[in-house]
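# Commentary on secondary and tertiary structure
If you want the building blocks of each chain, they are given just below.
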Amino acid sequence: MEQNHKRLAFTLRAIQNKVKTIICSSIPPSSKGPQSQLQGGILGYLYHHQEQPVYQRDIEKEFRISGATATNTLQVMERNGLIVRRALDKDARLKRILMTEDAMQDHRRIEEHMDMVEQRMTQGLSAGEVAKLHRMLDMVLENLEEWQQETGIKEPEGKPDG
């Protein structure tokens, strides 16, 4: 490998670290806000899927987390007043997850900030280039997930957002 070659994994990690630093230091903390990246991601998912029912299995699939991690995270979020879980009439075991009104208002502010971050990240790229970047990164993720499945590598238990 040539000396100036940068590994894609290192670049992706550097981007993730930079985005996390910018977001964490530029959004004023809220006592009712999420306590982790995972909680923030779940609130974002719920915010963007308000028109359809969201269940724990949807959270597990979207964030690629175990049932135990999802259960623990959702319990904490419920205790902290970020979400409520409503049992369905036809099956009390199935609980729809909804944001509380306080969490919804707080998240609107975060969404505006995330739009600014995304705009800055993609500055200088055309809409087509941004779409192509999304497709390529989705492919990278799919390749890694396929490899993980083939090799039987399990997700680590605990905090997925390190």
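Conventions adopted
Residues numbered from 1 in each chain as written. Predicted model: local features only at pLDDT ≥ 70, side-chain atom pairs only at ≥ 80, totals over all residues. Heavy atoms only, no water. Patch = residues over 30% accessible without salt bridge, like charges linked within 9 Å, V, L, I, M, F, W, Y side chains within 5 Å. Areas by Shrake-Rupley, 256 points an atom, 1.4 Å probe, with all protein chains shown as cover. Salt bridge = Lys/Arg side-chain N within 4 Å of Asp/Glu carboxyl O. Lys, Arg positive; Asp, Glu negative; His and termini not counted. Charge placed at Lys NZ, Arg CZ, Asp CG, Glu CD. Helix = DSSP H or I, 4+ residues; strand = E, 2+ residues; numbered from the N terminus. Core = buried A, V, L, I, M, F, W, Y, C linked by side-chain atoms within 4.5 Å. Buried < 20%, exposed > 50% of the residue type's maximum accessible area, 1.4 Å probe, protein only. Contact = heavy atoms within 4.5 Å.

### Regarding a negative patch on the surface
Where like charges cluster on the molecular surface, the negative patch consists of D138, E142, E146 and E150. Checked against the element boundaries, E146 lands in helix α6 (residues 127-151).

### A word on the nonpolar core
Counting residues in hydrophobic clusters, the biggest one holds 18 residues, and the most contacted among them are I42, L43, L46, I59, M77, I83 and M99. Of all the secondary-structure elements, those providing two or more residues to this core are α2 (37-48), α4 (67-79), β2 (95-99) and α5 (101-121). Excluding anything up to four places from it in sequence, L46 contacts V54, I83, I97 and M99.

### Considering the pattern of salt bridges
If you walk through the whole model with that rule in mind, you get 3 salt bridges. The closest approach of N and O atoms between E145 and R64, which form a salt bridge, is 1.8 Å. Highlighted residues: E145 in helix α6 and R64 in the loop between α3 (56-63) and α4, separated in sequence by 81 residues. Among the ionic pairs, E78 bridges to R85, the shortest N-O distance being 3.1 Å.

Just geometry here; none of it tells us what the structure is for.
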